Amino acid sequence: MTTKIFKIDPQNIDRRALAEAAELLRAGGLVAFPTETVYGLGGDATDARAAEKIYAAKGRPSDNPLIIHVATPEDAEGYAVTSETYYKLAKAFMPGPLTVILPKKDTVPSTVTGGLDTVAVRCPSHPIARGLIEAAGVAIAAPSANLSGSPSPSRGEHVKRDLSGRIDGIIDGGDCEIGLESTIVKLDGAHATLLRPGAITADALSCVCESVSVAPAVTEALAENERPLSPGMKYRHYAPKAPLVLLAGDGDEVLSFLFRAQNAEKCTILCYSEETEYLRGERLIDVGRREDLTTQAKTLFSALRQADDLDGDIIYAHLPPTEGLGLALYNRLIRAAAHTVLHVTADQTPS
Ligand code: AMP
Ligand code: MG
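### A short note on the pattern of salt bridges
- For the structure on display, the rule yields 15 salt bridges.
- The closest approach of N and O atoms between R155 and D175, which form a salt bridge, is 3.6 Å. Highlighted residues: R155 in the loop between strand 7 (140–141) and helix 5 (156–163) and D175 in the loop between strand 8 (169–172) and strand 9 (183–188), separated in sequence by 20 residues.
- Since its relative accessible area comes to 31%, R155 is described here as partly exposed.
- Put simply, R289 and E274 hold a salt bridge, and the shortest N to O gap is 3.9 Å. Placement of R289 in the loop between strand 14 (284–286) and helix 8 (293–310) and of E274 in the loop between strand 13 (267–271) and strand 14 is noted, with a sequence separation of 15 residues between them.
- Among the charged side chains, a network of salt bridges with common partners joins K7, K160 and D172.

Right, dumping it as structure tokens:
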């Protein structure tokens, strides 16, 4: 299959190109498009065949449901049973990087929801995403536009690399602003359970919801045979090819561990900007300053892909904090590392 590439400037949208991409969607085809979080792989959310094609193009297990994207929060009415808390969240955070799980209506085929009777709804703020949904005139089901298991795509080039030849179109609209996938919450009256942390933090949610709890699988490994609250929690995710080890401990001790590691083994290091002057430049990836979690979020998936290209035997990264946006970084990294954390002590030698 040839994949049509649409290069669209989000600041000056070519409406004709967008209409052409929307036409592919209306005809049952698949089009990848940028959002403020990561790139999505879109298909008509009311078309079971399109959902099947999405699972096939990504190599994604079909019990891992898709998020449906709507142009306005009210458009959720056509696909889901909304609630007072949904509209409170919508008022505070939509359009934006928040996904809400709601009871589904029959307009959404069960193929889209992986057989569940709930559906994940999101209203993205990215002008290309919104324009595309409006032009398509229907909700767009879209998981992240990467091959299943690999890091999510935060740049057009990531999508091209993973999906060229597998889908009908790719809209390249530059880099995604946030770089991590949306926050996902499930509502139970005015209580919200955080299923996936993202740029809308637990603190921000608790300003709107009566109470917020964090699903254990956000930070912990699932026990064998445990049934997760969100099917996606059980799958291997974001994993680079080389083993990734997360380092915890005192900043100076971790830095001196990394210094020794560069002499002892062929390692790739995701380091803070402040550390670059103390480490050798070979296989070194600067993810942003220690306190700058926003930049680290934006850089993370690119950094994991770059780490693959650098072809080290092992990858080291810092274990993020679990507060604020740190929780989203922690959740992605801990899964990319298959929960491997090394607590660094003063004179620990690299493996
Ligand atoms: P992705 O599309 O790659 O961002 O992944 C979407 C995530 O949303 C996956 O982890 C899914 O398991 C989760 N998800 C989608 N629909 C539902 C649902 N109805 N209930 C719980 N989680 C869901
Ligand atoms: Mg994904």
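Once you've had a look at it, read on.
### Some remarks on the site of ligand 1
- Near ligand 1 there are 17 residues, and of these N64, P143, R196, S230 and G232 occur at the shortest range.
- Measuring from an oxygen atom of ligand 1, one finds a side-chain N or O atom of R60 at 3.1 Å.
- Between ligand 1 and S230, the relevant distance is 2.9 Å, taken from a nitrogen atom to a side-chain nitrogen or oxygen of the residue.
- Look at ligand 1: alone it shows 500 Å² of surface, and the protein chains cover 94% of it.
- Here the shell around ligand 1 takes three residues from strand 6 (residues 118–122), the largest share from any one element.
- Looking at the shell around ligand 1 residue by residue, the classes come out as ten nonpolar, five polar and two charged.

### Remarks on the sheet that holds strand 16 (residues 341–343)
- In spatial order, the strands read 14-13-15-12-16; together these five strands make up an open sheet with parallel pairing. Only two strands of the sheet have a single partner each, and these edge strands are strand 14 and strand 16. The average undirected angle you get between the axes of adjacent strands in this sheet is 25 degrees.
- Of the pairings in the sheet, the one linking strand 13 to strand 15 (residues 314–318) comprises four bridges and is parallel in character. In the strand pairing of strand 15, L270 is matched with A317.
- Packed onto the sheet, helix 7 (residues 251–264) meets strand 12 (244–248), strand 13, strand 14, strand 15 and strand 16 and runs at close to 165 degrees relative to strand 15.

Definitions and cut-offs
- Residues numbered from 1 in each chain as written.
- Chains lettered and ligands numbered in written order.
- Predicted model: local features only at pLDDT ≥ 70, side-chain atom pairs only at ≥ 80, totals over all residues.
- Heavy atoms only, no water.
- Salt bridge = Lys/Arg side-chain N within 4 Å of Asp/Glu carboxyl O.
- Helix = DSSP H or I, 4+ residues; strand = E, 2+ residues; numbered from the N terminus.
- Buried < 20%, exposed > 50% of the residue type's maximum accessible area, 1.4 Å probe, protein only.
- Near = heavy atom within 4 Å.
- Polar contact = N/O pair within 3.5 Å; in protein donor to acceptor, adjacent residues only side chain to side chain.
- Areas by Shrake-Rupley, 256 points an atom, 1.4 Å probe, with all protein chains shown as cover.
- Nonpolar A, V, L, I, M, F, W, Y, C, P; charged D, E, K, R; others polar.
- Pairing = 2+ DSSP bridges.
- Axes fitted to C-alpha atoms, helices over the stretch in contact; angles between N-to-C directions.
- Contact = heavy atoms within 4.5 Å.

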